[in-house]
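# What the coordinates show
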Amino acid sequence: MTRVQLVDISKRYGPTAAVEHFNADIADGEFVTLLGPSGCGKTTTLRMVAGLVDPSGGVIRFDGQPMNAVPSHKRNIGLAFQSHALFPHLTVARNVAFGLEVKGTPKAETERRVAEMLEMVELGDYANRMPAQLSGGQQQRVALARMLATDPRVLLFDEPLSALDRNLRDSLKYSILELQRRTRKTAIYVTHDQSEAFAISDRIFVMNEGRIEQAGSQLDIYLRPQTEFVANFVGDNNGIPGEVTGLVAPGGEGEPRLVDLVAGGIRMRGLDPGNVRPGDKVVAFVRPENIEVLANGHVADAPNIVRGRVDQIVFEGPTVRLTVDVDGTPLKVISGGLERLTLLDKEQREILLRLQDVTVVPDDPAVAA
Amino acid sequence: MVNRLRFRRASRRGGLTHRHGALLSTYGETQMTHAPAEIAIEYEIAERSPRRWLSTPRARGMLLLAPAILVAVLFSIIPLIYLFQVSLTRESSFFFNAEYTADNYLNVFGRYRSAIIETVYLAGVASILDLVLGYPFAYILIRKIRYREFVRTMMTFPLFGPLYLAFGLFYVFLPTGPLGGVFVLLGVDIAKYLFSQAAVLFSMAVFTFPFMVMNIGAALANVDPLLEEAARTLGAKPWQIFTRVLFPLSWGGIVAGFLMCFGWNLGVFVQPQLLGSPKEQSVISLQMFLKGLVQFNYGLAAALGVLLMVMAFAVTWVSLRFSRGALGA
Amino acid sequence: MASMTVDVSPHAGRGSGPRWFWNALAHGYVWAWMAIFALPFLATLIYSLRTPDGVWTFSYYQYVFGSFRENLLLSFETTLITIVINLLIAIPAAYAIVRYPIPGKSFILSTLNLSLYTPAAVMGVSLVIAYAFLFRIPQTMIGLIGAYVVGTFPLMLVPIIVALRDLPMVFEEAARTLGATRMQTFWRVELPLLGPGISAGILLTFVIIFNEFLVTLFIAGPGLTTAALRVYNLARTAGFQPSTAALATTMQLVSFTVVLLFFHFFGSRYLKGTYLI
């Protein structure tokens, strides 16, 4: 129903910039997540869309209409807060009815709508309770019902699950996704929890220090990080500084372009970021779970295959976590499956590793100097 | 870590366009890199649209504060400034043909010096009584008592004002009063205390007792009981726990409570009048009333008032330093 | 205050006597003080119920509804007007202080609180002079109300500021994003949630103005004798009369009832940092 465009949005508090040059075009019905550490500007961005913070520059548009001068209560948005923010002096039903009442909706219509909303979040029997009498998960569901009651154009979520315990978080995030899918509303979701972001988003914007680091699907963000920040922030990673030694000729149509490099003394072949030449300084990233422990008998003298000594082994149940020293470069390795059990007696022994899915990120030469 | 730091600096130098370029290639149409010109213009217009002065948050805030400030200026600040001016004129000449003089202040520090001393003495002793008797009370209230709300409710009686307090105590001190028999049994000649300094001090101390308990109690409530237990397990004796743990940690509350009691007691009026001897009745507030409204010596009354005000403000100023903004400051 | 009731008496478990002894002593001390707090009231009450010959009677209370009626009504009237004006002044002021970016906030707050720290007699003398010479409203109701308002609105302001600071912005923001205008947000969300703070302000104003006699003594003329001032005047001129005691008892009973009602509904939380506890 609503396309949300953020055009060169920025927010400055005095000399410090909370958000800079934020650009996003969110399609109607799309579920977008702003992911980043605390203080990265994701909440500020969301609050600017909600009209609770005035941008210092840029334009916010809903379906092409500029919204900058439209006050919050006229934007017709739904905002879910970190704390559920239910009005403590009103019953569950009156909370859900609030948005309709202030708009002067007829009583009968309001009642029908409230019942419908409470039914949708499966809290039909709780209409006359006070918010304090509900559990944390129920409170957050009432908050969802309240925000949907006014049929908002855009759904905004400001870390709505961060105050809940883990089990509730897992079940509620799918409820949120399902509600969004069912109502087909555009949604912007702010979180610092990457598993939440991966579970529910169509598209993820990774933010850092007020800027977008990378935007893309879960797979893009996870498998093809384009900056050091994204590579380090999302998931666990081994970052090894190195240098490009050559470009690999493309294998064929649709095949990924590759580069050869040497990082930490290891010869590797990784994904071509698209803007490096031989001799460029780069950082190679390889995820611990993408490092395979090879059985004996493999030849060490091939790209992406290295020999290292196991420094530490931690058994974590479904996985085994190793720290392997490869010529002075420590590598984190996570091994799953049945073969993990064969590794438990390998402490201080040499093993052979294959680094898979190496991503390459250019290191800024201006700074390296 | 080093790498990350370097990266941050890089992003400030404008590595961003480059990264957005990468985004653009991946997401094509849905990703914009910069604002189209018309949007920028629209925004300019929105920003420059005539914004009335009144709609700025600062102006609206001042507008909401205006009635409060007006009341304070009209009924507090201007009268106090007037009081100062009148204190520099002879008797009631200010109202007819102002004769400016410093005599009132010479008088205040000369003939009325004993009145000042009496006032400070009474206020000081009453406040010390409050401190000595109020500290254990506050400690017990905070640490040992479950019926705290009940105690607090009972503590509101003195706060209805010193008038009823003095009035009621007058009857208590009467030999024919309800406790007359009790005093006889105890062998106390209670009538001796009726118009005495002791009666005045007692009524003053009772009136300000809740202020002391409130301040010390607030400070003690912030002292973790575990600290006392820790001190005890380390071998501290009860008096050492008090001098080394409780006292230093509740110091702010003690000072604030003492000064608050002292400030209230400086303005003492009705207790000396109903329960005191002529000596206690020389306190400044009573003198102001007599000189100003009975003898119409406004200049002298105003000078006494200025003095009392300066003392009260000084005490309040110091006590606010210690009370951690009890009044929302 | 945290409801810590753990026994951590410095004497507990030491060799200086059994625990129950120290406990009894502690409770006894508190009860002794409570007796002292109530004693003047109880003495006044008893005196108002006895004739000089020692006969128990309610007859002195006829004066409360007889010749003191006017004074009592005036007390209720002035108290009520003061409360209304205080509310009208203090709510917007508290709102401005907590929610708006105002330059020199702490200075303004100290200025507003100035009258709170002014001894009553000083306020009385300064107002007598200002009313007579500058405002030309000596011995008038307006003057009286003005003095009452300036003396008590800081006490209305403080609990509301405390309540407003305790009130997270998130309720306001939730209401706004749900489509409520500023006024709707205020009436439907903030005002109900500020209820206890505002009630605390009303309680403080009531208790103080209803029982105020000193400033009144300075500035009220003969026609404006409030009940508290009447008690003072009678105590000064007519000696210690049972009828005066009846009036004083009535005043304290009314005040205490109001306090009890407040404590019953709201507890003492919002009175912290103010005149009462």
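Across its full length, chain B holds 17 helices and zero strands. Every one of the 329 residues in chain B was classed for burial, and the buried ones make up 53%. When contacts within chain B are restricted to residue pairs at least 6 apart in sequence, long-range pairs at least 24 apart make up 68% of them. Of the roughly 15,400 Å² that chain B leaves accessible, carbon and sulfur atoms contribute 67%.

Glancing now at the nonpolar core. By size, the foremost hydrophobic cluster in this structure holds 223 residues, and its most contacted members are A:F22, B:F137 and C:L157. Here this core spans two domains, since at least three of its residues come from each of domain 2 (55–87) and domain 3 (109–323) of chain B. Sequence-distant contacts of C:L157, defined by excluding residues within four places in its chain, comprise C:A90, C:A93, C:A94, C:I97, C:L109 and C:L112. One finds A:F31, A:A80, A:V142 and A:I176 within the second-largest nonpolar core, a separate group that totals 34 residues.

This part takes up the domain arrangement of chain B. All names here are of chain B. Domain boundaries assigned for chain B yield domain 1 (2–48), domain 2 (55–87) and domain 3 (109–323). In this structure, domain 2 and domain 3 have C-alpha centres spaced 32 Å apart. Counting residues at the interface gives five residues for domain 2 and eight residues for domain 3. If you look at where domain 2 meets domain 3, you find zero salt bridges.

This next bit is on the pattern of salt bridges. As a working rule, side chains carrying opposite charge can pair if their charged atoms are close by. Scanning the model with the defined rule gives 29 salt bridges over all chains in all. By sharing partners, the salt bridges in this structure join A:E109, A:R112, A:R113 and A:E116 into a single network.

This part is about the environment of C:A163. All names here are of chain C. Take A163: it is sitting in helix 6 (residues 141–166). Note on A163: relative accessible area 5%, which makes it buried. In this structure the C-alpha to C-alpha distance between A163 and L193, which are 30 residues apart in sequence, comes to 8.3 Å.

Residues and elements named next belong to chain A. Relative to the elements of secondary structure, R75 occurs in the loop between strand 5 (65–66) and strand 6 (77–80). One buried charged side chain, R75, makes no salt bridge at all; its nearest oppositely charged neighbour is D54, positioned 5.4 Å away. One polar contact links the side chain of R75 to the main-chain carbonyl oxygen of M48, over a distance of 3.0 Å. R75 has contacts with M48, V49, A50, G51, I60, F62, M67, N68, V70 and R153, leaving out every residue within four places of it along the chain.

Let's shift gears to helix 7 (residues 169–177) of chain C. Burial analysis of helix 7 of chain C places eight of its nine residues in the buried class, which makes it a mostly covered element. Turning to helix 7 of chain C, its buried residues are C:V170, C:F171, C:E172, C:E173, C:A174, C:A175, C:R176 and C:T177. Tucked inside the fold, the buried residues of helix 7 of chain C contact helix 1 (42–50), strand 6, helix 2 (92–102) and helix 4 (136–149) of chain A together with helix 3 (69–99) and helix 8 (182–210) of chain C.

This model, assessed by the stated rule, comprises 54 aromatic pairs over all chains. Ring geometry for B:F137 against B:F209: centres 5.2 Å apart, planes inclined by 80°, an arrangement best described as edge-to-face. Note that B:F137 is positioned in helix 6 (residues 113–143) and B:F209 in helix 11 (residues 197–221), a separation of 72 residues in sequence. For B:F137, a relative accessible area of 0% puts it in the buried group. Judged by relative accessible area, which is 0%, B:F209 ranks as buried. Here the aromatic cluster, defined as three or more aromatic residues joined through ring pairs, consists of B:F167, B:F170, B:Y171, B:F195, C:Y47 and C:F240. Lying across the ring of A:F87, A:R146 places its NZ or CZ 4.7 Å from the centre. Lying over the aromatic face of C:F133, C:R136 brings its terminal NZ or CZ to 5.8 Å of the ring centre.

Cut-offs applied
Residues numbered from 1 in each chain as written. Chains lettered and ligands numbered in written order. Predicted model: local features only at pLDDT ≥ 70, side-chain atom pairs only at ≥ 80, totals over all residues. Heavy atoms only, no water. Helix = DSSP H or I, 4+ residues; strand = E, 2+ residues; numbered from the N terminus. Buried < 20%, exposed > 50% of the residue type's maximum accessible area, 1.4 Å probe, protein only. Contact = heavy atoms within 4.5 Å. Areas by Shrake-Rupley, 256 points an atom, 1.4 Å probe, with all protein chains shown as cover. Core = buried A, V, L, I, M, F, W, Y, C linked by side-chain atoms within 4.5 Å. Domains from an automatic or database assignment. Salt bridge = Lys/Arg side-chain N within 4 Å of Asp/Glu carboxyl O. Lys, Arg positive; Asp, Glu negative; His and termini not counted. Polar contact = N/O pair within 3.5 Å; in protein donor to acceptor, adjacent residues only side chain to side chain. Phe/Tyr/Trp six-rings, centres within 6.5 Å; stacked < 30°, edge-to-face > 60°. Lys NZ or Arg CZ within 6 Å of the ring centre and 35° of its normal.

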